Amino acid sequence: MKKLAIHILLIIFIILSCSNEDVQQYAPTPSLLKIPELFENNILKPVIPSDNQQTVEGIELGKKLFFDPILSGDKTLACADCHAPENAFTDSSRFSEGIDGSLGKRNSMPLFNLAWNYDENFFWDGGTFSLEHQAFIPVSDPTEMKNSWKQLQQELQKHPEYPNLFQKAFGTSKIDSTLVTKAIAQFERTLISANSKFDKYLLGEVILTPEEVDGFNIFMEETKGDCFHCHGSDKNPLWTDNIFHNNGLDETFTDLGLGTITGDPADNGKFKSPSLRNLIFTAPYMHDGRFTTIDEVINHYSEGLKNSSTIDPLMKKVAQGGVGLSIQEKSNLKAFLLALSDYDFIGNPDFIND
Amino acid sequence: MKKNLLFVLIIVLSTISCTDNSNNSFNQANISFNFKHNWDGTSITNSDFNTIKFINSNGENLSIERLRYLISKITFTTSAGEKLVFNDYNLVDLTYASNLSYNLITTIPIGTYNNVSFTFGFDNDANYNGNYADLNSVSWNVPAMLGGGYHFMQLEGKFTDNNTQETGYAYHVIRAVDNTGDSLIFEDTFFEVNFGSVTISDDTIFNIEMNIAEWFKNPNTWDLKVLNNMLMPNYDAQIMMFENGQNVFSLESIEQ
């Protein structure tokens, strides 16, 4: 009985697929993320939503949109202006200027390895879930691109190239905000950085200087820098935990960070740990860009910690201002941090506007 | 391929359910473990975190901001002395209320078992011979300079001593290691937690309790003023944690 049913089903399928042949269902070309060896060996797979798989055409469209000032209200500002390839996709100002010169209140964030943010909490305060949702925000943010989605959809729709590119990427030339954000998210997921000197060292391809080795030890040693509890390690090559902490910047908060999102006072002053990759390209540092150099950051952890009720328990020795590194230790720690710079990433032609 | 398997499974399952619709048709039972937490009997969830409301046996007032710990090798010992060992692990994270419930990946035969146990942390084989992507991804590693492997527990928060300023503590449990000499000297600190005999007659839930206060109590009265941070490379502190850990777990109840 069952066998018969399966046969009948099969026949129906075959008939259906035969009659469908001339309709020619269009499908864009799948493009798998190239997962770096160190990631493959050590950490979980990247997060790619089932309804937005990576495709060659989608990524290409996303890239074009990312670099195109058409997204902003007066067509002067692209995502890439605040997220520039040469700055590991952040910018060098403390606060970025929106189209009418207004300043946001947070430092722009570098964009790489975003598909490995497993909890998918984006922004300094984790305020948006998923890259697709994130991309909705800057377009209409009055301090950023100050556009309206309705207007942007119309502009893209009457553009000479975009309708065709959407057709290729998504099988429809009818442009809407969802498809725009999907394409951008696809491009963002390709921004993978895993080729620093330290990565090559972990793969056994290069050796480190004694200063870099010592700096890494300071980073890992609980009695010294003790950075690894929040900023990754040789086993977590993202160099962040993507979790929210108060790392002792202030006694009182002007920006509540995670607390703005959760409404829980215990979250006040907590921000997402940034990755320590590519620091050489991403100054200034912290959510408000208060530090202009890596030395200032190291001094902060060494003797500049400020106590507050939500400071992370891992920020030990607050009473003494911090972990108290010697001049030599600071300089070695910095040498190690600089070994996390990925020059191939900022020079990658796939990521540069052409 | 996976889809095919699923398909086959579905067919197998539906065939089975046709012939007998009781759960334990093969005399098998599903087993799960719930992890619950208390402070000397007062139940704790993550909503009790971040406020100083507990008092340890040394008289310090403290809060909890983060608690996660690893259990592994759940084992059922039959009356014949045979061991059913699950070579799996579960990272309980009370901070985000994740993995508070854990289902064994396969069923076990119903019957009476002489003992049910798990390992707190990882034994040395699991600790050093595996590279676990899920644990690495949540930064659960121990630095290579301390021998590598994984944390067993991270308990963090703040304490005050006679209402002085709040100080952070990070009670991190790892395999004890003395790194002061030329080579590392280790002492095992994982331990087996035994719950005694149990009769499994149907699907079963084990409700496991951790009394967090025990970590500070017995046999070593923990002095947070002295031992609050940088405890990973502190060999003696790790031994004391191991000793205090012996009585933190108990089997609160069994639901069948």
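Residues numbered from 1 in each chain as written. Chains lettered and ligands numbered in written order. Predicted model: local features only at pLDDT ≥ 70, side-chain atom pairs only at ≥ 80, totals over all residues. Heavy atoms only, no water.

1. Some thoughts on the environment of Leu77(A)
All names here are of chain A. Relative to the helices and strands, Leu 77 resides in the loop between helix H3 (56-66) and helix H4 (79-82). Accessibility expressed as a relative area gives 10% for Leu 77, which makes it buried. As for Leu 77 and Lys 146, which are separated by 69 residues in sequence, their C-alpha atoms are 9.7 Å apart. (Helix = DSSP H or I, 4+ residues; strand = E, 2+ residues; numbered from the N terminus. Buried < 20%, exposed > 50% of the residue type's maximum accessible area, 1.4 Å probe, protein only.)

2. Examining the domain arrangement of chain A
All names here are of chain A. Per the domain assignment, the segments making up chain A are domain 1 (23-192) and domain 2 (197-344). Computed over C-alpha atoms only, the centres of domain 1 and domain 2 are separated by 27 Å. Taken together, the contact between domain 1 and domain 2 spans 31 residues of the former and 30 residues of the latter. Of the roughly 2,400 Å² buried between domain 1 and domain 2, counting both surfaces, carbon and sulfur atoms make up 60%. The largest per-residue losses of area from domain 1 upon contact with domain 2 belong to Leu 38, Trp 124 and Asp 125, which jointly make up 28% of the total buried on that side. Our enumeration of links across domain 1 and domain 2 arrives at 3 salt bridges. Here domain 1 is connected to domain 2 by 6 residue pairs in polar contact (both at pLDDT 80 or more). Elements that contribute at least two residues to the side of domain 1 that touches domain 2 include exactly helix H2 (37-42) and strand S1 (121-122). (Domains from an automatic or database assignment. Contact = heavy atoms within 4.5 Å. Buried area = accessible area lost by both parts, 1.4 Å probe. Salt bridge = Lys/Arg side-chain N within 4 Å of Asp/Glu carboxyl O. Polar contact = N/O pair within 3.5 Å; in protein donor to acceptor, adjacent residues only side chain to side chain.)

3. Section: the packing of helix H10 (residues 210-220) of chain A against helix H15 (residues 327-338) of chain A
All names here are of chain A. Closest axis-to-axis distance for the H10/H15 pair is 7 Å, and the angle between their directions is 100 degrees. The angle between H10 and H15 places the two elements in the roughly perpendicular class. Contact residues: Glu 211, Glu 212, Asp 214, Gly 215, Phe 216, Ile 218 and Phe 219 in H10; Glu 329, Asn 332, Leu 333, Ala 335, Phe 336 and Leu 337 in H15. Per-class residue counts for the contact of H10 with H15 are 7 nonpolar, 2 polar and 4 charged. (Axes fitted to C-alpha atoms, helices over the stretch in contact; angles between N-to-C directions. Parallel < 35°, antiparallel > 145°, perpendicular 65-115°, else oblique. Nonpolar A, V, L, I, M, F, W, Y, C, P; charged D, E, K, R; others polar.)

4. Thoughts on the pattern of salt bridges
All names here are of chain B. Counted according to the given criterion, the structure contains 26 salt bridges over all chains. Residue Asp 40 pairs with Lys 217 through a salt bridge whose shortest N-O separation is 2.7 Å. A residue pair is termed long-range when its members are at least 10 positions apart, and Asp 40 in the loop between strand S2 (31-39) and strand S3 (42-44) and Lys 217 in the loop between strand S17 (204-211) and helix H4 (235-245) qualify at 177 residues.

5. Notes on empty space enclosed by the protein
All names here are of chain A. Summed over the entire model, instances satisfying the criterion amount to 2 cavities of 30 Å³ or more. Quantified by volume, the largest cavity comes out at close to 690 Å³. Along the wall of the largest cavity there are 37 residues; nearest its centre are His 231, Asn 247, Leu 276, Met 286 and Tyr 301. Counting residues per element, the ones that place at least two in the lining of the largest cavity are helix H11 (228-231), strand S4 (271-272), helix H13 (279-282), helix H14 (294-303) and H15. When residues in the lining of the largest cavity are grouped by element, the largest group, 4 residues, is from H14. Classifying every residue of the lining of the largest cavity gives 24 nonpolar, 10 polar and 3 charged. (1 Å grid on protein atoms, 1.4 Å probe; cavity = no way out; pocket = protein on both sides within 12 Å on 5 of 7 lines; lining within 4 Å. Points joined across faces, edges and corners; volume = space filled by probe spheres on them.)

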